[in-house]
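Listed here are the chains, written in short residue letters.
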Amino acid sequence: LSSIKNKGYVLKQYFPKMYSDVPKGYFLISNDNSWSFHVVSGKHRVAALIHLGWKSIPVRFEPSMPRAIFEKDIDKWPMVRNLTYNKDTALLVFKTYFNK
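Now for a quick tour of the structure. (Residues numbered from 1 in each chain as written. Predicted model: local features only at pLDDT ≥ 70, side-chain atom pairs only at ≥ 80, totals over all residues. Heavy atoms only, no water.)

**Some points on the overall build of the protein**
Here comes step 1: Helix and strand content of the protein: five helices and four strands.
Here comes step 2: Scaling as 2.2 N^0.38, a compact globule of 100 residues should have a C-alpha radius of gyration of about 13 Å, whereas the protein reaches 16 Å, well beyond that.
Here comes step 3: Principal-axis analysis of the C-alpha atoms gives the protein an extent of 45 × 30 × 25 Å.
Here comes step 4: Across the 100 residues of the protein, 25% fall into the buried class.
Here comes step 5: Across the protein, contacts joining residues at least 24 apart in sequence account for 51% of those joining residues at least 6 apart.
Here comes step 6: Split by element, the accessible area of the protein, about 7600 Å² in all, is 57% carbon and sulfur.
Here comes step 7: A gap of 12 Å separates the mean positions of the 16 positive and 7 negative side-chain charges of the protein. (Helix = DSSP H or I, 4+ residues; strand = E, 2+ residues; numbered from the N terminus. Rg over C-alpha atoms; globule rule 2.2 N^0.38 Å. Buried < 20%, exposed > 50% of the residue type's maximum accessible area, 1.4 Å probe, protein only. Contact = heavy atoms within 4.5 Å. Areas by Shrake-Rupley, 256 points an atom, 1.4 Å probe, with all protein chains shown as cover. Lys, Arg positive; Asp, Glu negative; His and termini not counted. Charge placed at Lys NZ, Arg CZ, Asp CG, Glu CD.)

So this is what it looks like as structure tokens:
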């Protein structure tokens, strides 16, 4: 927070290797077409930027994940398929990302 406050948050878009530091994640899309972007890398930067009043934060897709996970595809979710989670538990976790 103090670094961003003192030095600013400068995107290194002209230097792709450095630009890979942008927070990464993927979309969660509910059956009613609501969506949420789930940040998996760069959560502290996102929290600092939100605290500083940013309304829009640049992000990238996490390359090792699909770009979107759809509620309607719950039967295909890997941890539901391999029985780590039953559908009710998986859906409960999924829906927490849509609580206001």
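**Quick notes on helix H3 (residues 43–51)**
Here comes step 1: Considered for burial, the residues of H3 that qualify are Val 46, Ala 48 and Leu 49. Buried positions in H3, seen along its axis, are confined to an arc of 160° and lie on one side of it. Every exposed residue of H3 that faces more than 90 degrees away from the buried side is listed here: His 44, Ile 50 and His 51.
Here comes step 2: The elements touched by buried residues of H3 are helix H1 (2–7) and strand E2 (35–41). (Arc of directions from axis to C-beta.)

**A word on the packing of aromatic side chains**
Here comes step 1: On inspection of all chains with the given rule, the structure shows six aromatic pairs.
Here comes step 2: Measuring from centroid to centroid gives 5.1 Å for Phe 27 and Phe 37, while their planes differ by 75°, and the two rings are edge-to-face. Of the two residues, Phe 27 sits in strand E1 (residues 24–29) while Phe 37 sits in strand E2, which places them ten residues apart along the sequence.
Here comes step 3: Each residue in the set Phe 27, Trp 35, Phe 37 and Phe 61 is aromatic and connected to the rest through ring pairs, giving one cluster.
Here comes step 4: The ring of Phe 70 is capped by Lys 72, whose NZ or CZ atom sits 5.1 Å from the centre of that ring. (Phe/Tyr/Trp six-rings, centres within 6.5 Å; stacked < 30°, edge-to-face > 60°. Lys NZ or Arg CZ within 6 Å of the ring centre and 35° of its normal.)

**Observations regarding unusual backbone geometry**
For residues besides glycine, phi is generally negative; the peptide bonds are generally trans as well.
Here comes step 1: Here Asn 33, not a glycine, exhibits a phi torsion of approximately 70°, which is positive.
Here comes step 2: We note that Leu 83 has phi near 65°; this positive angle belongs to a residue other than glycine.
Here comes step 3: On the secondary structure map, Leu 83 appears in the loop between helix H4 (78–81) and helix H5 (87–96).

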